[in-house]
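One letter stands for each residue in the lines below.
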Amino acid sequence: MATTAPAVPAPSLHEKLLRIWETPPGLFGVLATVDHKKIGKRYLATAFLFLLLGGLEAAVMRAQLARPDQHLLTPEAYNQLFSMHGITMIFLYASPILSGFSNYIWPLILGSRDMAFPRLNAFSYWVFLVSGIFLYSSFLIGQAPDRGWFAYAPMTGSTYSPGLNMDFYALGLILLTISTTVGAINFITTLFRLRAPGMSVNRLPIFVWGTLTTSFSMLFALPALTVACVMLYFDRRFGMHFFDASTGGHPMLWQHLFWIFGHPWVYIIVLPAMGLMSDLIPTFCRRPLVGYTYVALATVATGILGFGVWVHHMFSTGLPAMSTDFFSAASMVISIPSAVAVFAWLATIWHGRPVMRTPFLFAAGFIVLFVIGGVSGVVTAAVPFDWQVTDTYFIVAHLHYVLVGINVFPVIAGFYFWLPKMTGRLLDERLGRWNFWTMFIGFNLGFFPMHIAGLLGMPRRVYTYPAGLGWDTVNLISTIGSYLFAIGVLLFLINVFWSLRRGRVAGPNPWDGPTLEWAVSSPPPAYNFALLPTVGSRHPLWEERLNEPGSRSRITEGPALVEGRETLGVSPLDAQANEVLTMPEDSLYPFFLALSLLVTFYGLLTGAWALAIVGGVLVLVMTVGWLWPSAPVEEASP
Amino acid sequence: MTTAAAAQRLPVDAGGPGATGAWGMILLIVTEASLFVYLLFSYFYLGSMARGSWPPSGPPELRLALPNTIILLVSSTTMWWADAGIRAGRQGRLRLGLLVTLALGVVFLAIQLAEYRGKQFTPHTNAYGSLFYTITGFHMAHVAVGLIMILVISVRGGLGHFSERRHLAVTNVTWYWHFVDVVWLAVFTSLYLSPRFL
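Conventions adopted
Residues numbered from 1 in each chain as written. Chains lettered and ligands numbered in written order. Predicted model: local features only at pLDDT ≥ 70, side-chain atom pairs only at ≥ 80, totals over all residues. Helix = DSSP H or I, 4+ residues; strand = E, 2+ residues; numbered from the N terminus. Rg over C-alpha atoms; globule rule 2.2 N^0.38 Å. Buried ≥ 20, exposed ≤ 12 C-beta atoms within 10 Å, placed from the backbone. Contact = placed C-beta atoms within 7 Å. Nonpolar A, V, L, I, M, F, W, Y, C, P; charged D, E, K, R; others polar. Axes fitted to C-alpha atoms, helices over the stretch in contact; angles between N-to-C directions. Parallel < 35°, antiparallel > 145°, perpendicular 65-115°, else oblique. Left-handed = near helix turned anticlockwise from the far one by under 90°. Pairing = 2+ DSSP bridges. Core = buried A, V, L, I, M, F, W, Y, C linked by C-beta atoms within 7 Å. Expected span 1.5 Å × (residues − 1). Arc of directions from axis to C-beta. pLDDT = per-residue confidence, 0-100.

1. A look at the overall build of chain A
Item 1. Helices and strands together make up the secondary structure of chain A, namely 20 helices and two strands.
Item 2. Taking 638 residues into account, the globule formula puts the C-alpha radius of gyration at 26 Å, and chain A, at 25 Å, falls close to it.
Item 3. Looking at chain A as a whole, 58% of its 638 residues are labelled buried.
Item 4. Counting contacts in chain A only where the partners sit at least 6 residues apart, residues at least 24 apart contribute 80% of the total.

Structure follows, in structure tokens:
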């Protein structure tokens, strides 16, 4: 098949483009690069590090809970650990890791040379990094956030939480929302402006639909978290009264704002992963996805419906039945688009010829866990059942099936699938199989018994429990299972490091995939595509085989654009090329702007107002410097 | 016609309403607008849960706020006039328009601060006080940021950075300034007018 051959550019063209696009080595390059592939890899590595940290916190907690009446940890230490475990996994791992994949893959899969705002992309990463550093620096003074990842008022007020713990939480999350918001703006703009000509919206990979939906959700959901955290900080630092019932405030205001953000966030951290599955499963089933249109629509529908279900986190707070009934019904309705996706995957496998490689194993495991987590979700959407199990280990089991099942398993699948593209080397299949089964068995062994612990009445977040309540055995099994799961994650890491040195050379398209990222070499050159491709169908690399009627993609011919850092701009929906975009060069401003924000936030944290003001002035200087045109402003060419 | 040949004829950085930078500004406005929606949601939520009268000290006075609203509306018009000026290639109109907008914005902030000084309550008095100062304070912060933007493009305009074809930064700042204006209308309607009807 001619189209699957990578577009190998002429050496002279390659040299010319490399001179334009490659980041220089050295410290400047490290801090100033705007290459989406470098940024994507940093996102992935940093987020994975946070997964390991969050996992370590969980491992300590499981040691404490393995047997009754244990006192490895003080209650206060346990509070900090479960809070930071949740904050780490939900904010610092689950979303950033998907941003990492999207950052790396988007311009490749869309047939472009970079993201729409490359410097904003670098900034987004740096702020993510400093927000993680900010949150984790709380451990240095022994005052990590300790009121759970959803931090209910009034427990978070200065009366009940006098330390800096929850100030770290409020300010750290505000920093993170800055990173996430600019990332979302970047993805949306990239999608509507920087695609290969011909890649109309009905030809987008589902992974792209997932990240796009998520990015829109972020724009509408994140401000609720920002507002809530600002209010929390104001209450604590300046003695305001937003959550103080005695002076007209209300603790429920926090819950509403937090969950208006929080539930869309659940979909934000699963939709791109589901999208990744929707692209990966067809590749390994050797056929297009069944029901592409329905899955794309289901993705968008889930994103929208996700805004209408937040009260199901609050069924036990005494809201009127009218309200809980509505949200109960909405929560059940939202399972319909998820079911559409599940049946589409099953039908794809049924009608395909599955190739049982490691990425597919993880995808299959994901479907199983998704269904279990989905069912436990639908039952808790029923108000009376929720009253029984709320704040018990049943919820812990449910949310881990959802988040590990629909985020971690697809992420590991994604690594097996795309890491060869990033490093040029395949991971080991045999170790991969061990990796999968250890994680799959370990996970189920660790988390399924939590359903039972919950039904037996074990409340979540207790630092220990007395013997004789019937919780001993299930907890011991949970601990053993979760350690097995941890060993599985370790096997994955071993596989990655092994493959970096010894892995089989992948070549451009090791899985015979249908989309554009497989048309370039592994790892791709700094400029991605030497000749910018034109897309004629959903599966540019499978066209000859599928032999569908209609237009054909052109991978090996197209404009080279060598006048500068240039790529094509297209019309938003039907992707007609309509301009040549000049992309920004590497820059130190994003890094220093992020650093200035960190200074400001430490000032706000400690009440060192001079420091905060210095930081604020630096933020202003960096922003203006960034936006000031570096080259003399020229007239547009006619 | 091959794609390569077609690319030869494409404009470089065409600008215009679909420009990449314009997308960035519009999406920023979308998310910032959501921020104010949640702030006003909080206001109405706590209002609906309040025991006793809301606002506790009666509706805020219109004596300063109403003229101030008009000042901000006028500043939107002058900003539009500046933007339309540079679109027609008229540097003088751009500079004058920006200068007048800048002055009106500063007057708005000054009047707002004067209104703060006359208030009988502080952010610490009760939840209403916290809401009032936080919401209007957030808006003032947006006005201040808008003024910095206008200052920057005024300098750039003075250096001759903009022309009939090149004015994306001016257009973006204009969008932002209109947004700040519209948000004020929402804040004004919610905080100042709604207690008179609800």
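2. Quick look at the overall build of chain B
Item 1. Along its length, chain B carries six helices and zero strands.
Item 2. Scanning chain B from its N terminus toward the C terminus, one meets helices and strands in the order α-α-α-α-α-α.
Item 3. Principal-axis analysis of the C-alpha atoms places the extent of chain B at approximately 75 × 40 × 25 Å.
Item 4. In chain B, which comprises 198 residues, the proportion classed as buried is 36%.

3. Focus on the interface of chain A and chain B
Item 1. Taken together, the contact pairs 51 residues of chain A with 41 residues of chain B.
Item 2. Where the side of chain A that touches chain B is concerned, the elements lending two or more residues are α6 (165-193), α7 (206-238), α8 (251-268), β1 (566-570), β2 (577-582) and α20 (609-627) of chain A.
Item 3. Here the side of chain A that touches chain B takes nine residues from α7 of chain A, the largest share from any one element.
Item 4. Tallied by class, residues from the side of chain A that touches chain B come to 29 nonpolar, 16 polar and six charged.

4. Overview of the packing of helix α4 (residues 91-117) of chain B against helix α5 (residues 127-158) of chain B
Residue and element names in this part refer to chain B.
Item 1. One way to put it is that α4 packs onto α5 with a least axis distance of 10 Å and a crossing angle of 155°. Considering their axes alone, α4 and α5 lie roughly antiparallel with respect to each other. When you trace α4 past α5, the crossing you get is left-handed. Contacts between α4 and α5 pair Leu94, Arg95, Leu98, Leu99, Thr101, Leu102, Gly105, Val106, Phe108, Leu109 and Gln112 from the former with Thr136, Met140, Val143, Ala144, Gly146, Leu147, Ile150, Leu151, Ile153, Ser154, Gly157 and Gly158 from the latter.
Item 2. Of the residues assigned to the contact of α4 with α5, the class counts are 14 nonpolar, eight polar and one charged.

5. As for the pairing of β1 of chain A
Residue and element names in this part refer to chain A.
Item 1. Of all five residues making up β1, five are buried, and the element is well covered by its neighbours.
Item 2. When β1 meets β2, the two strands line up antiparallel, connected through five bridges. In the strand pairing of β2, threonine 567 is matched with leucine 581.
Item 3. Connecting β1 to the next strand, β2, in antiparallel fashion are six residues, including alanine 575 with a positive phi near 55°.

6. Observations regarding the packing of α6 of chain A against helix α19 (residues 589-606) of chain A
All names here are of chain A.
Item 1. Packing of α6 against α19 leaves a shortest axis separation of 10 Å and a crossing angle of 155°. Accordingly, the angle class assigned to the pair α6 and α19 is roughly antiparallel. Our pair here, α6 against α19, has a crossing hand that is right-handed. Facing α6, whose interface residues are Asp167, Phe168, Leu171 and Leu175, α19 presents Leu597, Phe601, Leu604 and Leu605.

7. Let's talk about unusual backbone geometry
Item 1. In this chain, alanine 153 of chain A is followed by proline 154 of chain A through a cis amide linkage whose omega measures 5°.
Item 2. Within the secondary structure, proline 154 of chain A is located in the loop between α5 (118-136) and α6.
Item 3. Look at the link from tryptophan 54 of chain B to proline 55 of chain B: it is a cis peptide, with omega at -5°.
Item 4. On the secondary structure map, proline 55 of chain B appears in the loop between α2 (20-49) and α3 (65-87).
Item 5. Positive phi outside glycine occurs at alanine 151 of chain A, with the angle close to 45°.

8. Concerning the nonpolar core
All names here are of chain A.
Item 1. Judged by nonpolar contacts, the single largest core of 249 residues is most densely connected at Leu171, Leu175, Ala228 and Leu257.
Item 2. Top contributing element to this core by residue count: helix α15 (residues 393-423), with 21 residues.
Item 3. If sequence neighbours within four positions are ignored, alanine 228 has contacts with Trp254, Leu257 and Phe258.

9. A word on the environment of tyrosine 465 of chain A
All names here are of chain A.
Item 1. Along the polypeptide, tyrosine 465 turns up in the loop between α16 (429-455) and α17 (472-502).
Item 2. Residue class for tyrosine 465 comes out partly exposed when judged on the 18 C-beta atoms lying within 10 Å of it.
Item 3. Separated by 401 residues in sequence, tyrosine 465 and glutamine 64 place their C-alpha atoms 9.9 Å apart.
Item 4. Apart from residues no more than four positions distant in its own chain, tyrosine 465 is found in contact with Pro68, Met458 and Trp471.

10. Focus: the environment of leucine 73 of chain A
Residues and elements named next belong to chain A.
Item 1. Within the fold, leucine 73 resides in the loop between α3 (36-65) and α4 (75-109).
Item 2. For leucine 73 and glycine 163, which are 90 residues apart along the polypeptide, the C-alpha to C-alpha distance reads 19 Å.
Item 3. In contact with leucine 73, other than residues within four places in its own chain, are Val60, Gln64, Tyr78, Leu81 and Tyr463.

11. With respect to the environment of proline 264 of chain A
All names here are of chain A.
Item 1. Of note, proline 264 is situated in helix α8.
Item 2. For proline 264, a count of 27 C-beta atoms within 10 Å puts it in the buried group.
Item 3. Between the C-alpha atom of proline 264 and that of glycine 414, which follows or precedes it by 150 residues, the distance is 23 Å.
Item 4. If we ignore the near neighbours within four places in the chain, the residues touching proline 264 are Ser217, Ala221, Gly306 and Phe307.

12. Details of helix α12 (residues 335-351) of chain A
Along an α-helix, residues three or four positions apart point the same way, because every turn accommodates 3.6 residues.
Residue and element names in this part refer to chain A.
Item 1. Taking 1.5 Å per residue as the helical rise, α12 with its 17 residues ought to reach 24 Å, and the 24 Å between its terminal C-alpha atoms agrees with that figure.
Item 2. Considered for burial, the residues of α12 that qualify are Pro337, Ser338, Ala341, Ala344, Trp345, Thr348 and Ile349. For α12, the arc enclosing every buried residue in end-on projection is 130°, short of the 170-degree limit, so these residues lie on one face. Opposite the packed face of α12, turned more than 90 degrees from it, sit the exposed residues Ile336, Trp350 and His351.
Item 3. Buried residues in α12 make contact with α9 (271-285), α10 (292-305) and α13 (358-380).

13. Focus on the confidence of the model for chain A
Item 1. This prediction gives chain A a mean pLDDT of 95; 97% of its residues lie at or above 70.
Item 2. Between residues 1-5 of chain A, whose pLDDT stays under 50, and residues either more than four places distant or in other chains, the model counts ten contacts.

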